[in-house]
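Descriptive analysis of the structure
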Amino acid sequence: MRTLLGLLAAASGAQVGAASLGAKAAFVGVFALLLLWLLFLPARLVDEEAVRQPWWRNTRFWAVLVTLAQIWVYAYWG
Amino acid sequence: METAKLQPLDMALVAAYLISVTALGLWFTRGIKNSRDYFLAGKTLPWWAVGMSLVVSDIGAKDMIGLAADGYRYGLVMMNFDFIGCAFPVLAAAFLFMPFLWMAGVYTVPEYLGRRYNQTVRTFFALIWALFMMGTVGTILVSSAVMFEALLGWGFWWSVGVTAVVVGVFTTAGGLKAVVLTDALSCVVLIVGAALTCILGLQRAGGWEGLQTAIGRMDWTSNHFHLVLPADHPAFPWPAVLLGLGFVLGPAYWIGNQAIVQRTLGTRSQNQARASYVFCAVLKLVFPVLLVLPGLIGLALFHDQLGDPSQWEEGVGNRVLPLLIVNLLPTGVLGIVVGAFMAGVVANLDSYINSASTLVVTDLYRAVVPGRTDAHYLRVGQALVVVFLLAGVAFARLIQPVFGSVFEAFQTFMTFFQGPLLALLLLGMLTRRATSQGGLAGMILGVGTAVALNSARFVFGPELAVSYLWVAWWSFVASLGGTVVVSLLTRPYDEDRLRGLVCWIPVREEPQT
């Protein structure tokens, strides 16, 4: 058990000996993928089919805005 | 220890908040006719109130004190709890999981698991949630007592008593509606109070540049202005933050935590459920700054008094925020900030107690005592609020001398079952192939893995302690693997059995509200 746990902890660290640039890219990448998903989400999943909403009531618009802010946060402060 | 001297104006502001929140809560006790009104607010909640309630349900005294202490110790990396650990899962949940759970017409997350898998899985998670919530109520009460002692010089029982009475009065009578709408008021007070602390603190520290210069002079703070830390960092290595927090703990919390999900189930429509989560994500952009920045300001201004955290004795970290408040805030502002901390405690506590009551009545009591009238279940739910509050008080007294860092204790509680819960929810909602036996196997394997990894430090010594972020990740992986393998070996469900339980097989029409 001790060996197993030691290996597990070591493996967890060893998987990721990447430079900090790669680490930052991983975080930015997660939000970039989320952004793409949000942009290409079918209209039926955001209730946009029935009535066209003004931009300030559009949940997709606000979600994209939050995601862009997160990309900036990790790109700048990562 | 130095404590704040509340002037009459401060006391008037604190009293105004406490009276307002109690009166508002009691006002919304009108119109409670059945258990649906009590547990789901009759599905009448507006998205903006639910969004604000989601934010403050997530932020209590444990976060205010814990994040300020950890902000002092580790710096900006603590913001990850609200960025990768919140914005990412909240937005994913807003467009995929929350509207779906709303459509499923369930009261609780274990209820969904029971319908998707089996009664054993439902009962297991309901029991664990009930225990977890009682533990959480205890940690909230301990951390609020620590805060009020440091801030106002209140003793343990006085702090706990005031908190329990204020919360107990309107939560018992008003149910989810009273909880959510008082939370909205608390959210405004919390934002104003925390923002004032940050603004006045930054002014004293010489602005952002002054803060950076002061902290940069210390020899142990090289990572304080980075969100992403090296892979060999002892507490927050970036892979563990990304995988454990971003992919497991965050999603499990925002998709599977009954105290969070329940208020969204009380919204008027699917679209309002979605809007409440997106609004929460918008508000959450500012909260990391409001909660972690005080730690950095404390480091810049009071390093001489607080010293290097590696030398800290038990409880020193809990002094960071109170020290800031006591030394920086003028009369009037102090009252608002103390009110803001009370708001955080009240909103956090009422959410957990209300959800615990819902969960026990819906998933456990109804199964043991079936066939009673709705009025009976409503009365039991109200009585359970009192029981949970008293149990939380007793538990708080028990854990008070043991847990130095209440925030870490909270995270440790969660890791035992958050990974398995998320695995079962994701496979249940997103795949047709997950079966009852698979869910059971995955649950056992995941929880077993979490318990084994968490026990390592006690069995083999601290050198083999596994970070709670890794525990969350590996228990998730084990549960996912166990569920997939056993599901593939067992007979799949037919489509009718899965209607309304899998995202891709929707119910035919939206339930009446």
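Structure's up top.
Figured I'd write up the structure that's included with this text. What you are looking at is a predicted structure, and each value in this text was computed from that prediction instead of being measured. (Residues numbered from 1 in each chain as written. Chains lettered and ligands numbered in written order. Predicted model: local features only at pLDDT ≥ 70, side-chain atom pairs only at ≥ 80, totals over all residues. Heavy atoms only, no water.)

**Notes on the overall build of chain A**
Secondary structure assignment for chain A yields three helices and zero strands. If you list the helices and strands of chain A from N to C, you get α-α-α. Within chain A, the fraction of its 78 residues that count as buried is 31%. Long-range contacts, defined as pairs at least 24 residues apart, comprise 60% of the intrachain contacts of chain A with a sequence gap of at least 6. Counting every atom, chain A has about 4,800 Å² of accessible surface; 69% of that belongs to carbon and sulfur. (Helix = DSSP H or I, 4+ residues; strand = E, 2+ residues; numbered from the N terminus. Buried < 20%, exposed > 50% of the residue type's maximum accessible area, 1.4 Å probe, protein only. Contact = heavy atoms within 4.5 Å. Areas by Shrake-Rupley, 256 points an atom, 1.4 Å probe, with all protein chains shown as cover.)

**Structural notes on the overall build of chain B**
Of regular secondary structure, chain B possesses 21 helices and zero strands. The C-alpha atoms of chain B give a radius of gyration of 22 Å, which matches the 24 Å a tight globule of 513 residues would have. With 513 residues in all, chain B has 65% of them scored as buried. Sequence separation of 24 or more characterises 86% of the internal contacts of chain B that already satisfy a separation of 6 or more. Counting only carbon and sulfur atoms, one obtains 64% of the accessible surface of chain B, whose full area is about 17,600 Å². Here chain B contributes 29 positively and 27 negatively charged side chains, and the mean placements of these two sets differ by 12 Å. (Rg over C-alpha atoms; globule rule 2.2 N^0.38 Å. Lys, Arg positive; Asp, Glu negative; His and termini not counted. Charge placed at Lys NZ, Arg CZ, Asp CG, Glu CD.)

**Examining the environment of Thr431(B)**
All names here are of chain B. Mapped onto the elements of the fold, Thr-431 is located in the loop between helix H18 (418-430) and helix H19 (436-460). Setting aside residues no more than four positions away along its own chain, Thr-431 makes contact with Arg-116, Leu-426 and Val-502. Looking at Thr-431, its side chain comes within polar contact range of the main-chain oxygen of Leu-427, at 2.6 Å. (Polar contact = N/O pair within 3.5 Å; in protein donor to acceptor, adjacent residues only side chain to side chain.)

**Re empty space enclosed by the protein**
With a probe scaled to a water molecule rolled over the atoms, the places where space remains empty come into view. Residues and elements named next belong to chain B. Within the structure shown, the criterion is met by four cavities of 30 Å³ or more. By volume, the second largest cavity amounts to about 100 Å³. In this structure, the second largest cavity is lined by Met-64, Leu-190, Ala-194, Thr-197, Phe-287, Leu-290, Leu-291, Pro-294, Leu-321 and Phe-341. Where the lining of the second largest cavity is concerned, the elements lending two or more residues are helix H8 (156-205) and helix H13 (287-306). Element by element, the count of residues in the lining of the second largest cavity is highest for H13, at four residues. Residue composition of the lining of the second largest cavity, grouped by class: nine nonpolar, one polar and no charged. (1 Å grid on protein atoms, 1.4 Å probe; cavity = no way out; pocket = protein on both sides within 12 Å on 5 of 7 lines; lining within 4 Å. Points joined across faces, edges and corners; volume = space filled by probe spheres on them. Nonpolar A, V, L, I, M, F, W, Y, C, P; charged D, E, K, R; others polar.)

**Quick notes on the state of the cysteines**
Residue and element names in this part refer to chain B. A full pass over the atoms with the stated rule returns zero disulfides over all chains. The thiol of Cys-86 is unpaired, and the distance to the nearest cysteine sulfur, on Cys-280, comes to 5.1 Å. Overall, Cys-86 belongs to the buried group, its relative accessible area being 0%. (Disulfide = S-S within 2.5 Å.)

**Some words on the interface of chain A and chain B**
How big an interface is tends to be stated in terms of the accessible area lost upon association of its parts. Taken together, the contacts link 35 residues of chain A with 36 residues of chain B. Buried area between chain A and chain B, both sides added, is near 3,400 Å², and the carbon and sulfur share of it is 78%. Taken together, the links from chain A to chain B amount to zero salt bridges. In this structure, the connection of chain A to chain B is made through three residue pairs in polar contact (both at pLDDT 80 or more). At the level of secondary structure, the elements contributing two or more residues to the side of chain A that touches chain B comprise helix H1 (2-14), helix H2 (20-39) and helix H3 (59-77) of chain A. For the side of chain A that touches chain B, the leading source of residues is H3(A), giving 11 residues. Tallied by class, residues from the side of chain A that touches chain B come to 23 nonpolar, eight polar and four charged. (Buried area = accessible area lost by both parts, 1.4 Å probe. Salt bridge = Lys/Arg side-chain N within 4 Å of Asp/Glu carboxyl O.)

**Comments concerning the packing of aromatic side chains**
Tallied over the full model, the rule gives 31 aromatic pairs over all chains. Judged by centre distance (5.2 Å) and plane angle (70°), the rings of Trp55(A) and Phe61(A) are edge-to-face. By relative accessible area, which is 54% here, Trp55(A) ends up exposed. On the numbers, 6.0 Å between centres and 80° between planes, the contact of Tyr365(B) with Tyr377(B) is edge-to-face. Of this pair, Tyr365(B) sits in helix H15 (residues 333-368) while Tyr377(B) sits in helix H16 (residues 374-399), and the two are 12 residues apart along the sequence. Given a relative accessible area of 3%, Tyr377(B) falls into the buried group. Chaining the aromatic ring pairs together yields one cluster made of Phe27(A), Phe31(A), Tyr74(A), Phe83(B), Phe88(B), Trp238(B) and Phe247(B). (Phe/Tyr/Trp six-rings, centres within 6.5 Å; stacked < 30°, edge-to-face > 60°.)

**What to know about unusual backbone geometry**
All names here are of chain B. A positive phi is found at Ala-41, a non-glycine position, where the angle reads about 55°. With phi around 55°, Lys-43 is a residue other than glycine that occupies positive phi space. Among the secondary structure elements, Lys-43 is positioned in the loop between helix H2 (35-40) and helix H3 (47-58).

**Comments concerning the pattern of salt bridges**
Where charged atoms from two side chains of opposite charge come close, those side chains can pair. Residues and elements named next belong to chain B. Using the criterion set out here, one finds seven salt bridges over all chains in the structure. Between Lys-284 and Asp-58 there is a salt bridge, with the nearest N and O atoms lying 2.3 Å from each other. Highlighted residues: Lys-284 in the loop between helix H12 (270-283) and H13 and Asp-58 in helix H3, separated in sequence by 226 residues. Asp-58 shares its class with Lys-284; the two are buried. Here Arg-122 makes a salt bridge to Asp-363, at a shortest N to O gap of 2.6 Å. With a gap of 241 residues between them, Arg-122 in helix H7 (residues 119-152) and Asp-363 in helix H15 connect regions that are remote in the sequence. The buried category is assigned to Arg-122, whose relative accessible area is 14%.

Remember that the coordinates give geometry; whether it matters functionally is a separate question.
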